[in-house]
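Here are the chains, one letter per residue:
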Amino acid sequence: MELTAAASWLNTAFAGYDRMILSLLHSTANGFFTFLFKLITLLGEKGILFFLAAILLMCFPKTRKLGVCIFGAVCCGALITNIILKDAVARPRPLTVLPYSQWWAEIKAPAEDGWSFPSGHVTAAAAGMVAIRLMRGKKWTVPAVVWILLMMIARNYLMAHYPTDVLAAAVIGTASAFISYYITYFIFQFLYINRKKNWCGLVLNWSAPDFYGIPSKLGLTGEADEKEYAFRKPAAKEEQDPAGMKEPNTVGKKWNLPKISLPTGKSNSGYQGKHMK
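Computed from a predicted structure; not experimentally measured. (Residues numbered from 1 in each chain as written. Predicted model: local features only at pLDDT ≥ 70, side-chain atom pairs only at ≥ 80, totals over all residues. Heavy atoms only, no water.)

Side note on the side chain of Thr-184
Relative to the helices and strands, Thr-184 is located in helix α9 (residues 163–193). With residues near it in sequence (within four places) discarded, Thr-184 still touches Lys-65, Val-68 and Cys-69. (Helix = DSSP H or I, 4+ residues; strand = E, 2+ residues; numbered from the N terminus. Contact = heavy atoms within 4.5 Å.)

And the structure:
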């Protein structure tokens, strides 16, 4: 089979690096690692877990922004990887080339079709985890790095991708997460600015449990708070009660009554006694 110029260049320029990593991983092959990396690959299949998590998170106002960001990141990564680059580069998988095909057969890894560059599994893993890290802060740095590295190693161990494939995929997934992060920010900023319009308010505050009449005890219902929308400011008092229908809460507060001026030369008791008769 005749290779494309891009695939030929990758196979030539990074042949030493790819072989070193793949041979190192194959030297550690055993039943436990084979089972573990097959499981990791299954969990990362086509980014389905991230899609399902994103859809679930979008059902609640407090996590809607996170769900949208994850969904957008994985979709952006899939577009760049699976729609554009895989067919354009058309690099065969290592499991179709000697000696990697022999190593693949020895560990009884599953057969995979499609092109090798870049890795769709790693792109989805990087896009989803970096999106969570961007939305939820530094505490997600270690889990994100660990999951991405595990997915990269798994794809190389099973001879489904070259090391250069997974490195490129990690970069693409990270870039996709940043793209989705900023797009999500501007979408929700637009929605909040136009929150008085019915459809904008619905998108911001609609909740699946409320819609179906199911009481939620997860703490995810209700309007998203200021922590979720950094650009969101509390509504003015007139906006909160435009018709002035709410009763003032006077419990524990002093009445601010007007002062009464007494006539000169009269005592307070005399003045009150006179006018009480």
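Section: the packing of helix α2 (residues 15–27) against α9
Across the interface, α2 lies against α9 with an axial gap of 8 Å and an inter-helix angle of 100°. Here α2 lies roughly perpendicular to α9, going by the angle between them. Residue-level contacts link Tyr-17, Asp-18, Ile-21 and Leu-22 of α2 to Pro-163, Thr-164 and Leu-167 of α9. Looking at the contact of α2 with α9, its residues break down into five nonpolar, one polar and one charged. (Axes fitted to C-alpha atoms, helices over the stretch in contact; angles between N-to-C directions. Parallel < 35°, antiparallel > 145°, perpendicular 65-115°, else oblique. Nonpolar A, V, L, I, M, F, W, Y, C, P; charged D, E, K, R; others polar.)

Overview of the nonpolar core
In this structure, Ile-70 and Val-122 are the most contacted members of the largest nonpolar core, which totals 33 residues. No other element matches the eleven residues that helix α7 (residues 120–136) contributes to this core. Sequence-distant contacts of Val-122, that is, excluding residues within four places in its chain, are made with Met-151, Met-152, Arg-155, Val-166, Ala-169 and Ala-170. Leu-22, Trp-103, Met-159 and Tyr-162 belong to the second largest nonpolar core, which has six residues in total. (Core = buried A, V, L, I, M, F, W, Y, C linked by side-chain atoms within 4.5 Å. Buried < 20%, exposed > 50% of the residue type's maximum accessible area, 1.4 Å probe, protein only.)

Topic: the confidence of the model for the chain
Averaged over every residue, the pLDDT of the chain is 80; the share at 70 or more is 70%. Put simply, helix α12 (residues 237–240) is where the chain has its lowest mean pLDDT, 45, and helix α8 (residues 141–157) is where it has its highest, 96. In this model residues 212–258 is a low-confidence stretch, pLDDT under 50, and it forms 45 contacts with partners more than four residues away in sequence or in other chains. In the model, residues 270–277 has pLDDT below 50 throughout and makes two contacts with residues more than four positions away in sequence or in other chains. (pLDDT = per-residue confidence, 0-100.)

Some thoughts on the layout of surface pockets
Here the idea is plain: a probe the size of a water molecule rolls over the atoms and shows the empty space left. Taken as a whole, the largest pocket holds about 420 Å³ of empty space. Contributing to the lining of the largest pocket are 21 residues, with Lys-46, Asn-82, Lys-86, Gly-120 and His-121 lying nearest its centre. Elements with a minimum of two residues in the lining of the largest pocket: α5 (64–89) and α7. At seven residues, the largest contribution of residues to the lining of the largest pocket is made by α5. (1 Å grid on protein atoms, 1.4 Å probe; cavity = no way out; pocket = protein on both sides within 12 Å on 5 of 7 lines; lining within 4 Å. Points joined across faces, edges and corners; volume = space filled by probe spheres on them.)

Things to note about the packing of α8 against α9
With their axes 9 Å apart at the nearest point, α8 and α9 run at an angle of 155° to one another. The pairing of α8 with α9 is recorded here as roughly antiparallel in orientation. Between α8 and α9 lies a crossing whose hand is right-handed. Facing α8, whose interface residues are Met-152, Arg-155 and Asn-156, α9 presents Pro-163, Val-166, Leu-167 and Ala-170. Among the residues making up the contact of α8 with α9, the classes are represented as five nonpolar, one polar and one charged. (Left-handed = near helix turned anticlockwise from the far one by under 90°.)

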